[in-house]
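# Remarks on the overall topology
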Amino acid sequence: MPANFNLPFVLSVAGALLASAVVAVLYVWPFVRAMPRHEALRLLAAFHAFRFLGMNFMVAGFVSAELRPDFAGEVGWGDLIAATLALASMAALTWRWTIAVPTVWIFNVWGTLDLLNAYYVGATRIQNPGLFGAGIYIPALYVPLLLVGHVLIFMLLLKPGSEEHAS
């Protein structure tokens, strides 16, 4: 292992991802797949509407002053865009706009790629996750939950059958 490899942090993220996936399989998926598709997508998008929390990476004192500003900006603005797209998806689904499902696709692809990019950039440019300060819980807990949420949304979007029912 490289000298800068932080095994406890990696195990924390992996554990949160595993726990999130197990909870989703046992509790969330059976619930949402029985709902009408638009309702299930709206519920899952609602969780992502809180992605503005990533903006905290740009708040002095929340993270270490040594955290690279380019990383903080990329993560923060990417999350704000994802939160905005999630809110737009919720509105489109609520009012049954004809662009509702395409809006969810855009949100879900953007949101997934944004999270994967943040992990990649963090792993390749940030040698010490301790620089995240209070924000350590975002990549260690919240991002795994969000990633599993994106997977569930993809499953609903790709599920063959009725546009109205997710089951």
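Residues numbered from 1 in each chain as written. Predicted model: local features only at pLDDT ≥ 70, side-chain atom pairs only at ≥ 80, totals over all residues. Heavy atoms only, no water.

## Considering the overall build of the protein chain
Within the protein chain, the regular secondary structure consists of five helices and zero strands. The secondary structure elements of the protein chain, listed N-terminal to C-terminal, are α-α-α-α-α. Structurally, the protein chain occupies a C-alpha span of about 50 × 30 × 20 Å along its principal axes. Counting all 167 residues of the protein chain, 42% fall into the buried class. Restricting to contacts in the protein chain with at least 6 residues of sequence separation, those with at least 24 account for 80%. For the protein chain, the accessible surface area stands at approximately 8,900 Å², while carbon and sulfur atoms represent 74% of it. One way to put it: in the protein chain the 8 positive side-chain charges average out to a point 8 Å from where the 8 negative ones average out. (Helix = DSSP H or I, 4+ residues; strand = E, 2+ residues; numbered from the N terminus. Buried < 20%, exposed > 50% of the residue type's maximum accessible area, 1.4 Å probe, protein only. Contact = heavy atoms within 4.5 Å. Areas by Shrake-Rupley, 256 points an atom, 1.4 Å probe, with all protein chains shown as cover. Lys, Arg positive; Asp, Glu negative; His and termini not counted. Charge placed at Lys NZ, Arg CZ, Asp CG, Glu CD.)

## Here we look at unusual backbone geometry
Phi angles above zero are rare outside glycine, and R96 is one such case at about 55°. Examined against the element boundaries, R96 turns out to sit in the loop between α3 (69-94) and α4 (100-125).

## Notes on the packing of aromatic side chains
Per the stated rule, a full pass over the model turns up eight aromatic pairs. Ring centres of F57 and F71 lie 6.1 Å apart, and the angle between their planes is 75°; this geometry places the pair in the edge-to-face category. Here F57 is found in the loop between α2 (37-48) and α3, whereas its partner F71 is found in helix α3, with 14 residues between them in sequence. The buried category is assigned to F57, whose relative accessible area is 4%. Here F71 falls in the buried class, since its relative accessible area comes to 4%. Their ring planes at 55° and their centres at 5.9 Å tell us that W105 and F154 sit as a pair that is tilted. Of this pair, W105 sits in helix α4 while F154 sits in helix α5 (residues 137-158), and the two are 49 residues apart along the sequence. Pairwise contacts between aromatic rings join F9, F57, F71 and F132 into one cluster. (Phe/Tyr/Trp six-rings, centres within 6.5 Å; stacked < 30°, edge-to-face > 60°.)

## Observations concerning a nonpolar patch on the surface
A grouping of L18, V22, V23, V25, L26 and Y27 is seen on the molecular surface, where their side chains present a nonpolar patch of about 610 Å² in accessible area. Counting through the fold element by element, V23 comes out in helix α1 (residues 7-33). (Patch = residues over 30% accessible without salt bridge, like charges linked within 9 Å, V, L, I, M, F, W, Y side chains within 5 Å. Salt bridge = Lys/Arg side-chain N within 4 Å of Asp/Glu carboxyl O.)

## So, α1
Spanning 27 residues, α1 covers 36 Å between terminal C-alpha atoms, matching the ideal 39 Å at 1.5 Å per step. Of all bends in α1, the biggest is about 50°, found at A24. Turning to α1, its buried residues are F9, V13, A16, S20, A24, W29 and V32. Check the buried side of α1 and you find it contacts α2, α4 and α5. (Expected span 1.5 Å × (residues − 1). Bend = angle between axes of the 7 residues up to and from the residue.)

## As for the environment of A40
For A40, the location among the structural elements is in helix α2. Along the sequence, A40 and L93 sit 53 residues apart, while their C-alpha atoms lie 9.8 Å from each other.

## Some points on the pattern of salt bridges
The tally for this structure, following the rule as stated, stands at six salt bridges. Residues R42 and E39 are paired through a salt bridge, measuring 2.5 Å at the closest nitrogen-oxygen approach. Of the two residues, R42 and E39 are both situated in helix α2; the distance of three residues between them amounts to about one turn of the helix. Salt bridges sharing common partners tie together R68, D70, E74 and R125.

## Some remarks on the packing of α1 against α5
Closest axis-to-axis distance for the α1/α5 pair is 8 Å, and the angle between their directions is 35°. Judged by the twist between their axes, the crossing of α1 over α5 is right-handed. Judged by residue contacts, F9, S12, V13, A16, L17, S20, A21, A24, V28, W29 and V32 of α1 engage P139, A140, L141, P144, L145, V148, L152, M155 and L156 from α5. Across the contact of α1 with α5, the residue classes tally to 18 nonpolar, two polar and no charged. (Axes fitted to C-alpha atoms, helices over the stretch in contact; angles between N-to-C directions. Left-handed = near helix turned anticlockwise from the far one by under 90°. Nonpolar A, V, L, I, M, F, W, Y, C, P; charged D, E, K, R; others polar.)

Any link to function would need more than the numbers given here.
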